[in-house]
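Breakdown of the fold
Residue-level listing of the chains:
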Amino acid sequence: MSGKAESGWTIASLGEVADIRVSNVDKKSRPGQRKVRLCNYMDVYREDYLADSHPFMMATASESEVGRFGLQAGDVLITKDSETPIDIGVPATIVGEVHDLVCGYHLAILRPSSRLNSVWLAKVLAHEGARTYFACRATGSTRYGLANSTIAEMPLLVPTRKEQDRAAEAFVAADEAIRRSEALLAKLEQVKAGLLHDLLTRGLDKIGCLRDPEAHPEQFQDSPLGRIPREWEVAQVQELGQLITGNTPATSRSDYYGGDIPFVTRNRSGHWK
C-alpha cells in the first residue's frame with residue numbers, strides 16, 4: 001500500500017520501505033563453516049541498541065547464510081517468534097560498524113531504504129500501535145510467530161527524512177540520559193545496600209560514626225549472630241512484639257471488594273498491593 005498523508009507525510013507498507021529477511025541460522029557450530037558472532041533473540045529483546053562491543057555468542061554459519069543474514073550498521077531487528085504474542089515485534093537497532101555478525105533464528109532483519117532513519121523506524125515498531133498490530137496477527141498456540149507477509153504489510157505513516165532524523169536524535173539523547181540515570185541508580189542501590197549492612201551489623205557510636213571492629217574490638221561482643229556492638233542484645237521477634245497473621249478475604253465479601261474495608265495482600269509475583 002502507498003498513499004499521501006497530511007503535511008507532506010506518506011503512507012507505505014513496511015515491505016515497500018525496507019528489505020525484510022527472516023533468519024534461519026541456529027546456534028550450532030558445524031565443522032567447515034565460517035566462525036561468526038551470532039545475534040540472538042535475547043540480545044534484541046533486552047537492548048534498544050546493539051553495537052560491535054556487545055558480547056554476542058560465537059557460532060558458525062555457511063557462506064550463503066553470512067551473505068543473506070550478515071548484519072550491518074542501520075539494520076533493525078525484531079523478534080519474530082515468542083511464547084507470548086506481546087513479546088513479538090520487539091525491535092533493536094544495529095549502531096556503528098559490526099564485524100562477522102549474523103542474525104540468529106527467531107529474528108527478522110529489516111534493512112531500511114534511504115527513505116527511513118533506522119532509529120526512527122525502531123521507535124515506531126516499539127510503539128503501542130505497532131506492538132498491537134503484531135500481537136493481534138501472530139499465529140500459534142504454544143509458540144507464536146509472524147508470517148513474512150504480516151511483517152511486510154504493516155502500515156507506516158512516514159514523515160520526511162529530515163523530520164525522522166531530528167526525531168531520532170532526540171530519541172538517542174533521551175535513551176542515553178535514561179541509561180546514565182539507570183547506571184547511577186544502580187550504584188546508589190549498591191551504596192544503600194552496603195550502608196544498610198553496616199548500620200545493621202556495626203551501628204553508630206556516640207558521635208554518630210560507624211563503629212570499626214578492627215580499630216575498636218572492645219566495642220563488640222560475640223553473639224549467636226556473630227560479632228555485634230557491645231550495647232546491643234539478641235532477642236527473638238516474639239519477645240519484642242505481637243505477631244498477627246491473617247487471610248485474604250473471600251471474593252464474595254463485598255465489604256472488602258469494592259466496599260469500605262481496605263486490606264493489604266500480595267499478588268502472584270510477590271508484590272504488595
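These remarks concern the structure in this document. (Residues numbered from 1 in each chain as written. Predicted model: local features only at pLDDT ≥ 70, side-chain atom pairs only at ≥ 80, totals over all residues. Heavy atoms only, no water.)

**Describing the overall build of the protein chain**
Across its full length, the protein chain carries eight helices and 16 strands. Relative to the globule expectation of 19 Å for 273 residues, the C-alpha radius of gyration of the protein chain, 28 Å, shows a markedly less compact shape. By its C-alpha atoms, the protein chain is 75 × 55 × 45 Å across when sized along the principal axes. Expressed as a percentage of the 273 residues in the protein chain, the buried residues total 32%. Intrachain contacts of the protein chain at a sequence separation of at least 6 include 65% that bridge at least 24 residues. When the 33 basic and 36 acidic side-chain charges of the protein chain are each reduced to a single mean position, those positions are 4 Å apart. (Helix = DSSP H or I, 4+ residues; strand = E, 2+ residues; numbered from the N terminus. Rg over C-alpha atoms; globule rule 2.2 N^0.38 Å. Buried < 20%, exposed > 50% of the residue type's maximum accessible area, 1.4 Å probe, protein only. Contact = heavy atoms within 4.5 Å. Lys, Arg positive; Asp, Glu negative; His and termini not counted. Charge placed at Lys NZ, Arg CZ, Asp CG, Glu CD.)

**Quick look at the side chain of Glu65**
By secondary structure assignment, the location of Glu65 is in helix H3 (residues 63-69). Among buried charged residues, Glu65 stands out as having no salt bridge; its nearest opposite-charge side chain is Arg30, 6.0 Å away. Here the side chain of Glu65 touches Ser62 through a polar contact of 3.0 Å, landing on its backbone nitrogen. Setting aside residues up to four positions removed in sequence, Glu65 forms contacts with Asn24, Val25 and Gly70. (Salt bridge = Lys/Arg side-chain N within 4 Å of Asp/Glu carboxyl O. Polar contact = N/O pair within 3.5 Å; in protein donor to acceptor, adjacent residues only side chain to side chain.)

**Overview of the sheet that holds strand S6 (residues 57-61)**
Paired through their backbone hydrogen bonds, the strands of a sheet run either parallel or antiparallel. If you walk across this open sheet you meet the three strands as S6-S4-S10, and the pairing is mixed. Every other strand in the sheet has two partners, leaving S6 and strand S10 (101-103) as the edge strands with one partner each. Strand-to-strand twist of the sheet, defined as the mean angle between neighbouring strand axes without regard to direction, takes the value 55°. Where strand S4 (residues 34-39) meets S6, five bridges bridge the pair, whose relative direction is antiparallel. Across the sheet, residue Lys35 finds its bridge partner in S6, namely Thr60. (Pairing = 2+ DSSP bridges. Axes fitted to C-alpha atoms, helices over the stretch in contact; angles between N-to-C directions.)

**Overview of the sheet that holds strand S8 (residues 81-82)**
The antiparallel open sheet is built from three strands, whose spatial order is S8-S13-S12. Two strands close off the open sheet at either side, each with one partner strand: S8 and strand S12 (139-140). Examined bridge by bridge, S12 and strand S13 (residues 144-145) share two bridges and lie antiparallel to one another. Within the sheet, the bridge partner assigned to Thr139 lies in S13 and is Gly145.

**Description of the packing of aromatic side chains**
Considering all chains together, one arrives at two aromatic pairs under this definition. Here the aromatic rings of Tyr41 and Tyr45 are separated by 5.8 Å at their centres, their planes lie at 15°, and the arrangement is stacked. A residue pair is termed a helical-turn pair when its members lie 3 or 4 positions apart in one helix, as Tyr41 and Tyr45 do in helix H2 (residues 41-46) at four residues. On the basis of relative accessible area, Tyr41 is assigned to the buried category, the value being 16%. When the centroid spacing of 5.5 Å and the interplanar angle of 70° are considered together, the rings of Tyr133 and Phe134 count as edge-to-face. The burial state of Tyr133 is the same as that of Phe134; both residues are buried. (Phe/Tyr/Trp six-rings, centres within 6.5 Å; stacked < 30°, edge-to-face > 60°.)

**Looking at the environment of Gln72**
Along the polypeptide, Gln72 turns up in the loop between H3 and strand S7 (76-79). Between the alpha carbons of Gln72 and Asn24 there is a distance of 18 Å; along the sequence they are 48 residues apart. When near neighbours in sequence (up to four residues on either side) are disregarded, Gln72 contacts Ile94, Val98 and Arg111.

**Thoughts on the packing of helix H4 (residues 118-126) against helix H7 (residues 161-201)**
At their nearest, the axes of H4 and H7 sit 8 Å apart, and the two run at 70° to each other. Relative to H7, the element H4 is oriented roughly perpendicular. Contacts from Val119, Trp120 and Lys123 of H4 reach H7 at Gln164, Ala167, Ala168, Phe171, Val172 and Asp175. Of the residues contributing to the contact of H4 with H7, the split by class is six nonpolar, one polar and two charged. (Parallel < 35°, antiparallel > 145°, perpendicular 65-115°, else oblique. Nonpolar A, V, L, I, M, F, W, Y, C, P; charged D, E, K, R; others polar.)

**Brief notes about the pattern of salt bridges**
Per the counting criterion, the structure on display carries 15 salt bridges. Taking the shortest distance from any N to any O, the salt bridge between Arg37 and Asp52 comes out at 2.4 Å. Of this pair, Arg37 sits in strand S4 while Asp52 sits in the loop between strand S5 (49-50) and S6; the two residues are 15 residues apart in sequence, bridging distant segments of the chain. For Arg37, a relative accessible area of 15% gives the class buried. With relative accessibility at 27%, the residue Asp52 sits in the partly exposed group. Between Arg253 and Asp255 there is a salt bridge whose closest N-O contact spans 2.7 Å. In this structure Asp255 comes out as partly exposed when scored by relative accessible area, which is 27%.

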